[in-house]
Each structure stands twice: as structure tokens, then as C-alpha cells.
Amino acid sequence: MPDETPADLPIEARIATAVEQLGVDTVVLRSLSLLAGNNEGEEFLLVVGGEHARGILEGAPVLYWPELWGTRALLYVWNDSAIAGVTAALQNQAWRVREMATRVAATRELALQAEVGALLTDEVARVRAAAARALGAIGDDLEVIQPLLKDPEIEVRRGAQQGIDAIRKRRPAPATPEEG
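The text that follows walks through the structure, step by step, so that each part is easy to find. (Residues numbered from 1 in each chain as written. Predicted model: local features only at pLDDT ≥ 70, side-chain atom pairs only at ≥ 80, totals over all residues. Heavy atoms only, no water.)

1. Points about the nonpolar core
One finds Val 48, Leu 74, Val 86 and Val 116 to be the most contacted residues of the largest nonpolar core, which totals 55 residues. Ranked by the residues each element gives to this core, the list is headed by helix α9 (residues 125–138), at 8 residues. Setting aside chain neighbours within four positions, we find Leu 74 in contact with Val 28, Ser 31, Leu 32, Ala 82, Val 86, Val 104 and Arg 108. (Core = buried A, V, L, I, M, F, W, Y, C linked by side-chain atoms within 4.5 Å. Buried < 20%, exposed > 50% of the residue type's maximum accessible area, 1.4 Å probe, protein only. Helix = DSSP H or I, 4+ residues; strand = E, 2+ residues; numbered from the N terminus. Contact = heavy atoms within 4.5 Å.)

2. Details of helix α11 (residues 154–170)
Taking 1.5 Å per residue, 17 residues should reach 24 Å; α11 reaches 25 Å between its end C-alpha atoms and fits that length. Regarding α11, the residues found buried are Val 156, Gly 159, Ala 160, Gly 163, Ile 164 and Ile 167. The arc that holds every buried residue of α11, seen down its axis, measures 130°, which confines them to one face. Exposed residues pointing more than 90 degrees away from the buried face of α11 are listed as Arg 158 and Lys 169. Its buried side turned inward, α11 meets α9 and α10 (142–145). (Expected span 1.5 Å × (residues − 1). Arc of directions from axis to C-beta.)

3. Quick look at the pattern of salt bridges
With the rule as written, the count across this model stands at 5 salt bridges. Taking the shortest distance from any N to any O, the salt bridge between Glu 99 and Arg 126 comes out at 3.1 Å. Highlighted residues: Glu 99 in helix α7 (residues 95–107) and Arg 126 in helix α9, separated in sequence by 27 residues. Residue classification places Glu 99 among the buried positions, given a relative accessible area of 13%. Arg 126 gets classed as partly exposed once you look at its relative accessible area, which sits at 32%. Salt-bridge contacts for Asp 151 lead to Arg 128; the nearest nitrogen and oxygen are separated by 3.0 Å. On the criterion of sequence distance, the pair formed by Asp 151 in the loop between α10 and α11 and Arg 128 in helix α9 is long-range, its members being 23 residues apart. (Salt bridge = Lys/Arg side-chain N within 4 Å of Asp/Glu carboxyl O.)

Printed below as a string of C-alpha cells:
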């Protein structure tokens, strides 16, 4: 990147600066490359990961962080070339990546109801909760979310209720006999 973006800026500002310097398509492409497990260089890692990326650059284990940061960047920069990457991220081995991919699917209103719905039975409570909330944004099937209202984890029950409430809010009110 031609100009260095301070890693301590909020992510929105870091991504906006990268978009100004590189363009939307390049930032999306490089974010997807991180999501795919590729190395996009220190500067770009600092853009998407901020101060936390310094730890990796100083030798901390990489784990799933670049994949997560690449996915999170898609909350702030987008083009439709990212749909396949987000779809794949919903099946990532790292639960944090799966969780973030549900947020992106919801934010970008992607037609991934079946893929997100598959995460309602994920082994990780945070992923189940995020999937229920995402389906509230992109789905219309209350019945698929309702079983989570009895999940042993309160966070999942809350996510399920939020998803159900969102669907109900979007649905038109049923006609009353006087209106019919």
C-alpha cells in the first residue's frame, strides 16, 4: 500500500483508507485472499487486523486470525465477487470465522438461508446464536429457528428470539376481517 494506515484507527477508518488507496475491488480481493489462507503482506494485515495483527507480525501463532480479519473486512467493503468466499467461510474449521461469516451474510443480505441454517446445529453456541440472528435478517422461516428457543445456552436462546422478532417485524401484519 502506498501510504501506511495507522493500525490503531478503528477498522472502518482503516478499510476506508485502503479503499481510497487501492479501490474497492482490490480490497475485497485481498480480504478474500486472507480468508482463503493466503499471505497478503504485513501492511494489509495491519489494515484488516489493526493493533492485534502486530502480535502475529512479531511471532505469535497465526491460527485463524487473518481469515477472521479478511471476513470481517467484508462488513465494511463489498462487491458481489465475495459471495462465494463468504459461503465457504460459513464452513470454515474456525468457529470465529463461521460466526463472522454469518454476520457478513446478514449485513450484506445474502441469499444463503440454507447455508446459514445449517449452522443452527453448530457445536459452538456463539455460532448457533449468530446463525439465528442472521436468519432473522435474511430468512423468513420461523420454524427453523424456534427449536433454539430451548437451547441450553442463554446466548443461543437470545439469538433465536432476536431472529424470530426480526422476521416477524418484516412480515406484513395479517389482514383483519374488517380489511378483507
